[in-house]
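So the chains spell out like this:
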Amino acid sequence: MKTVIINKTAKNFEVAKQIIYTVQVIALGLFIPFLFVFGITYNPQNDKPVNEPRISVPVSGTPTVSNNTVILDSYLSDQNS
């Protein structure tokens, strides 16, 4: 649909509206692919599992007891399944 423009001020306003609309379309057209690429390539290195076992060496040399204990000599009932 064409707009009939009578004076110069209205013409300048119409051109400004068209430029703003064009910039918005271009920005959206570039922003959505950027978010897609950023989303599939973003890999933060500080994500750790919540229940990750931690191994620490005591500074004084005395052994400490931790909550994560592994007993290698015991027989597990589902070991051969």
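Residues numbered from 1 in each chain as written. Predicted model: local features only at pLDDT ≥ 70, side-chain atom pairs only at ≥ 80, totals over all residues. Heavy atoms only, no water.

J.: Which residues make up the overall build of the protein, and what values do they have?
T.: The number of helices and strands found in the protein is one helix and zero strands. Carbon and sulfur atoms make up 63% of the accessible area of the protein, which amounts to about 8,700 Å² in all. (Helix = DSSP H or I, 4+ residues; strand = E, 2+ residues; numbered from the N terminus. Areas by Shrake-Rupley, 256 points an atom, 1.4 Å probe, with all protein chains shown as cover.)

J.: Before we move on, can you summarise the packing of aromatic side chains with the specific residues and values?
T.: Within the structure shown, the criterion is met by two aromatic pairs. Between Phe34 and Phe38 the ring centres are 6.1 Å apart and the planes differ by 20°, which places this aromatic pair in the stacked class. Taken together, the residues Phe34 and Phe38, both in helix H1 (residues 8–41) and four residues apart, mark about one turn of the helix. We classify Phe38 as partly exposed; its relative accessible area is 43%. (Phe/Tyr/Trp six-rings, centres within 6.5 Å; stacked < 30°, edge-to-face > 60°. Buried < 20%, exposed > 50% of the residue type's maximum accessible area, 1.4 Å probe, protein only.)

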